[in-house]
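# Observations on chain architecture
Single-letter residue listing:
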Amino acid sequence: MSLAVIQMVSQSDVLANLRDARRLLEQAAHAGAKLAVLPENFAAMGRRDIADIGRAEALGEGPILPWLKQTARDLRLWIVAGTLPLPPVGQPEAKSHACSLLVNDQGEIVARYDKLHLFDVDVADNRGRYRESDDYAYGSGVVVADTPVGRLGLTVCYDLRFPELYSELRAAGAELITAPSAFTAVTGAAHWDVLIRARAIETQCYVLAAAQGGTHPGPRETFGHGAIVDPWGRILVQQEQGEAVLLAERDSNEQASIRARMPVTGHRRFFSQGAQRPASEHEFKA
């Protein structure tokens, strides 16, 4: 089973979270996974010292990046490191991004995606107000990279609500798309399954939706339901709550068949570059 999605219930203790993640990644590797995706905020949840964590990692003084590289080497596993706070390269004092790293099985960082869409919303839960932009800078750019299991596009959590990003990833050749997440219990119950299936259907990609699933400091309750979705929108495997290692195989022949039988990218018209805008109601009346 070459694909693995990891579900966690991360807390505020970074070293304890890294121990839990290592144990789950070992399970994935022993099951035959070539690529494993960790959830958003896998190394820490509920921390208010995001800037300090990011600065320490950028200066080579933090535990997360060395752990990540060593784990990938030890397990001979490609890892998508959900998110961790990291400032822009060469600017350790700058505001951190919510950064998703792709690390190869030699422990080398081969791609970096900085979360484009930050979760600045009000939710009817115990916390009520979320403002990611207080802690994180906005990312820019679309990231796609080659891996042993296919060409991989990187996204994070709230990005799922912005389908234009996923269209860009498909146009850039993505065959699989990661979506490490920490959806709230409220928004997850309303929209999670719909969103991950929709993004898979419209891009005809596998969506690897790693999740946080439980109760965290804050207090914060996350929805879980980590899943792997195939290009036809079928949920191949899913876990409601708690820790999990979810495994599936990519069927490249079936994916090619789906794309050939329903060539949606070749049919896209209205939103292509330079398309004529629709007439307004006033113009119709005129």
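Residues numbered from 1 in each chain as written. Predicted model: local features only at pLDDT ≥ 70, side-chain atom pairs only at ≥ 80, totals over all residues. Heavy atoms only, no water.

To keep things clear, this is the line we draw: UniProt positions are given in the numbering used here, feature names are shortened, and annotations may be inferred rather than shown by experiment.
Per an unreviewed UniProt entry, the protein goes by the name Carbon-nitrogen hydrolase family protein and belongs to Pseudomonas fitomaticsae. What UniProt states about the protein under its Sequence similarities (unreviewed entry) heading is, verbatim, "Belongs to the carbon-nitrogen hydrolase superfamily. NIT1/NIT2 family."

## A look at the pattern of salt bridges
Formally: We count a salt bridge whenever a side-chain nitrogen from Lys or Arg sits within 4 Å of a carboxyl oxygen from Asp or Glu. Note on conventions: DSSP H or I runs of at least 4 residues are helices, E runs of at least 2 residues are strands, and numbering of each starts at the N terminus. Only protein chains enter the accessibility calculation, which uses a 1.4 Å probe. A residue is then buried if its area is under 20% of the maximum for its type, exposed if over 50%, and partly exposed in between.
All told, the structure shown has 17 salt bridges when counted by the stated rule. Across the pair Arg199 and Glu202 runs a salt bridge whose closest N-O atoms are separated by 2.5 Å. With Arg199 and Glu202 both in helix α5 (residues 185-203), this residue pair falls 3 residues apart, about one helical turn. Its relative accessible area of 26% is what places Glu202 among the partly exposed residues. In this structure, a network of salt bridges that share partners links the residues Asp20, Arg23 and Glu243.

## A short note on the packing of aromatic side chains
The test is simple: The pairing test for Phe, Tyr and Trp rings, Trp by its six-membered ring, is centres within 6.5 Å, and the orientation test on the planes gives stacked under 30 degrees, edge-to-face over 60, and tilted for anything in between.
A complete count under the given rule lists 5 aromatic pairs for this structure. Ring geometry for Phe42 and Trp67: centres 6.0 Å apart, planes at 35 degrees, overall tilted. In this pair, Phe42 sits in the loop between β2 (35-37) and α2 (50-58) while Trp67 sits in helix α3 (residues 64-75), placing the two residues 25 residues apart along the sequence. Take Phe42 and Trp67: they sit in the same class, and that class is buried. With centroids separated by 5.3 Å and ring planes inclined at 75 degrees, the aromatic side chains of Phe119 and Tyr158 adopt a geometry described as edge-to-face. Pair noted here: Phe119 is in the loop between β5 (109-114) and β6 (120-122) and Tyr158 is in the loop between β9 (150-154) and α4 (163-171), with a separation of 39 residues, a long-range link. Of the two residues, Phe119 and Tyr158, neither departs from the other in class, the shared state being buried.

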